[in-house]
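# Coordinate analysis (summary)
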Amino acid sequence: MGGLRTLGYCRVKNVCVSIMIAVPLDKNELQKFFDNDAEEVITFFIFKAIFSQPDLLPGQKSIPIQIPKEHIEQWGVQALGADPIGAGSYPVDLVDESKGYASDIKMLSFSNKTETGKDSNKMSGETSLAQKFADEDLDVKFVQGQYDAIINAWIEILDSKFQLVFNNYPKITDIYYFILIREKDEQTLGDNKGKKFHICGMKVDTSKFCELEHAKDSKDSVWVNNFIDNEYGDIKVYKAKKRMELRLRPRKWINNNKVITFDFGNFNQAEKELKSMTNEEKYNFSIDSFKKLYKQVLNYEKQ
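Residues numbered from 1 in each chain as written. Predicted model: local features only at pLDDT ≥ 70, side-chain atom pairs only at ≥ 80, totals over all residues. Heavy atoms only, no water.

### Concerning the environment of Leu 129
Looking at the element boundaries, Leu 129 is found in strand β8 (residues 127–130). The spatial distance from the C-alpha of Leu 129 to the C-alpha of Ser 89 is 9.9 Å, given a sequence separation of 40 residues. (Helix = DSSP H or I, 4+ residues; strand = E, 2+ residues; numbered from the N terminus.)

Have a look at this one:
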């Protein structure tokens with residue numbers, strides 16, 4: 001796009017048009033994908049993820065909930081009724097040719113409070129957008145400050161990756177990122193209380209990768225403009241990792257009603273010293289824990 005241009009926008013016939021590549025979905029748009037049935041599926045999988053975490057010893061400091069990337073992908077497949085891809089570095093995890101879209105499913109976490117107890121606008125953790133950098137001169141480009149060349153190389157990688165999707169699936173016209181955000185509750189005693197998750201999404205215009213621009217840099221990283229509005233997140237290229245990674249500002253997404261929230265209130269993760277228990281005792285403990293957790297998360301109890 002030519003003509004007068006400012007950060008994040010281009011001028012077309014005197015009209016200011018956004019050139020952001022990834023545009024956050026409003027909650028109403030998100031619910032067109034994650035309807036009530038899909039939300040119930042996600043809730044069920046969150047229950048299973050919490051239940052499957054290792055039991056703590058009595059009085060032990062809490063540990064973060066861990067959910068494998070492959071499991072998150074399967075959550076999306078089941079909730080959305082789409083077809084899985086599951087092909088390593090393939091740029092999407094699922095496709096729905098009947099609806100004309102493909103999606104990558106990701107998970108991030110963030111701390112919801114500052115050290116003084118105020119709502120936090122901290123960045124989330126990072127997730128990779130692309131990681132196969134074939135240019136062996138990347139280190140040299142960093143040393144020489146060839147940041148535009150670095151970004152151009154990543155544009156070629158992204159263009160190539162997503163063109164493969166369109167070639168393999170001709171009915172696909174739209175690309176989305178759907179991200180499960182785990183909110184770490186820093187107000188409670190440890191992170192094993194306060195289970196809250198959010199789903200957000202963004203539509204990715206793959207025709208606009210050429211709009212990526214150098215924003216700022218350090219000796220080890222390059223920040224990139226025009227992928228997503230800076231209020232909602234950013235991307236940067238890492239020299240050592242040879243990866244392009246995305247971070248979000250979840251508080252902005254939450255405050256602007258761009259998430260579906262799953263809030264299960266406060267409860268304690270099970271604590272038990274298992275080593276001295278018999279199989280029968282472990283069975284009874286597991287059944288009891290299962291029923292209590294199922295009732296709290298899924299609001300169901302067999303009569």
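### Thoughts on the sheet that holds strand β14 (residues 243–248)
Ordered in space as β8-β14-β13-β12-β11, the five strands form an open sheet in which the pairing is antiparallel. At either end of the open sheet lies a strand with only one pairing partner, and these are β8 and β11 (213–217). Between one strand axis and the next, the sheet turns by 35° as a mean value, whatever way the strands run. Examined bridge by bridge, strand β13 (residues 233–238) and β14 share six bridges and lie antiparallel to one another. In the sheet register, Asp 234 faces β14, and the bridge partner there is Arg 247. Docked against the sheet, helix α5 (residues 147–168) engages β8, β11, β12 (221–225), β13 and β14, running at close to 85° with respect to β8. (Pairing = 2+ DSSP bridges. Axes fitted to C-alpha atoms, helices over the stretch in contact; angles between N-to-C directions. Contact = heavy atoms within 4.5 Å.)

### Quick word on the packing of aromatic side chains
Taken as a whole, this structure holds 18 aromatic pairs when the rule is applied. Seen from their ring centres, Phe 34 and Phe 178 are 5.2 Å apart, and the 90° between their planes marks the pair as edge-to-face. Taken together, the residues span a long stretch of sequence, with Phe 34 in the loop between α1 (27–30) and α2 (36–51) and Phe 178 in strand β9 (residues 174–184) at a distance of 144 residues. In this structure, Phe 34 and Phe 178 share a single accessibility class: buried. A centroid spacing of 6.2 Å and a plane angle of 75° characterise the contact between Tyr 294 and Tyr 300, whose relative ring orientation is edge-to-face. Since its relative accessible area comes to 21%, Tyr 294 is described here as partly exposed. Taken together, Phe 44, Phe 45, Phe 47, Phe 51, Trp 75, Phe 290, Tyr 294 and Tyr 300 form an aromatic cluster joined through their ring pairs. Between the NZ or CZ atom of Lys 106 and the centre of the ring of Tyr 177, over which it lies, the distance is 5.5 Å. (Phe/Tyr/Trp six-rings, centres within 6.5 Å; stacked < 30°, edge-to-face > 60°. Buried < 20%, exposed > 50% of the residue type's maximum accessible area, 1.4 Å probe, protein only. Lys NZ or Arg CZ within 6 Å of the ring centre and 35° of its normal.)

### Remarks on the nonpolar core
Formed by 44 residues in total, the largest nonpolar core has its most connected members in Val 92, Met 202, Leu 212, Phe 227, Ile 228, Leu 246 and Leu 248. Here this core gets nine residues from one element, more than from any other, and that element is α5. Residues in contact with Val 92, not counting those within four places in the same chain, are Ile 85, Ala 102, Ser 103, Asp 104, Phe 162, Val 165 and Ile 175. (Core = buried A, V, L, I, M, F, W, Y, C linked by side-chain atoms within 4.5 Å.)

### Some words on the pattern of salt bridges
Where charged atoms from two side chains of opposite charge come close, those side chains can pair. Applying the stated criterion across every chain yields a total of 16 salt bridges. One salt bridge connects Lys 69 with Glu 73, and the closest N-O pair in it is separated by 2.7 Å. With Lys 69 and Glu 73 both in helix α3 (residues 69–80) and four residues apart, the pair spans about one turn of that helix. Exposure remark for Glu 73: the relative accessible area of 16% places this residue in the buried category. Note that Glu 126 and Lys 241 form a salt bridge whose closest N and O atoms lie 3.6 Å from each other. In this pair, Glu 126 is assigned in the loop between β7 (101–111) and β8 and Lys 241 in the loop between β13 and β14, connecting sequence segments 115 residues apart. The exposure class of Glu 126 is partly exposed, given its relative accessible area of 32%. Taking the relative accessible area as the measure of exposure, Lys 241 reaches 40% and is therefore partly exposed. (Salt bridge = Lys/Arg side-chain N within 4 Å of Asp/Glu carboxyl O.)

### Considering the pairing of β7
In terms of burial, β7 is largely enclosed, as nine of its 11 residues are buried. Here strand β6 (residues 94–96) pairs with β7 via three bridges, running antiparallel. From the neighbouring strand, Leu 94 faces β7, where its bridge partner is Ser 103. The hairpin turn running from β6 into β7, its antiparallel successor, is four residues long, and Gly 100 in that turn takes a positive phi close to 75°. Direction of pairing for β7 relative to β9: parallel, over a ladder of 11 bridges. Bridge pairing in β9 links Phe 110 to Glu 183.

### Comments concerning the confidence of the model for the protein
With 85% of its residues at a pLDDT of at least 70, the protein reaches an overall mean of 86. Throughout residues 1–17 the model reports pLDDT below 50, and contacts reaching past four residues in sequence, or to other chains, amount to 28 contacts. Here residues 188–192 is a poorly scored stretch, pLDDT under 50, and it has 15 contacts once near neighbours within four places are set aside; other chains count. (pLDDT = per-residue confidence, 0-100.)

### What about the packing of α2 against helix α7 (residues 279–298)?
At a closest axis distance of 10 Å, the pairing of α2 and α7 adopts a crossing angle of 145°. The hand of the α2/α7 crossing is right-handed. Of the residues in α7, those in contact with Thr 43, Phe 44, Phe 47, Ile 50 and Phe 51 of α2 are Ser 286, Ser 289, Phe 290, Leu 293, Tyr 294, Val 297 and Leu 298. Residue classes in the contact of α2 with α7 are distributed as nine nonpolar, three polar and no charged. (Left-handed = near helix turned anticlockwise from the far one by under 90°. Nonpolar A, V, L, I, M, F, W, Y, C, P; charged D, E, K, R; others polar.)

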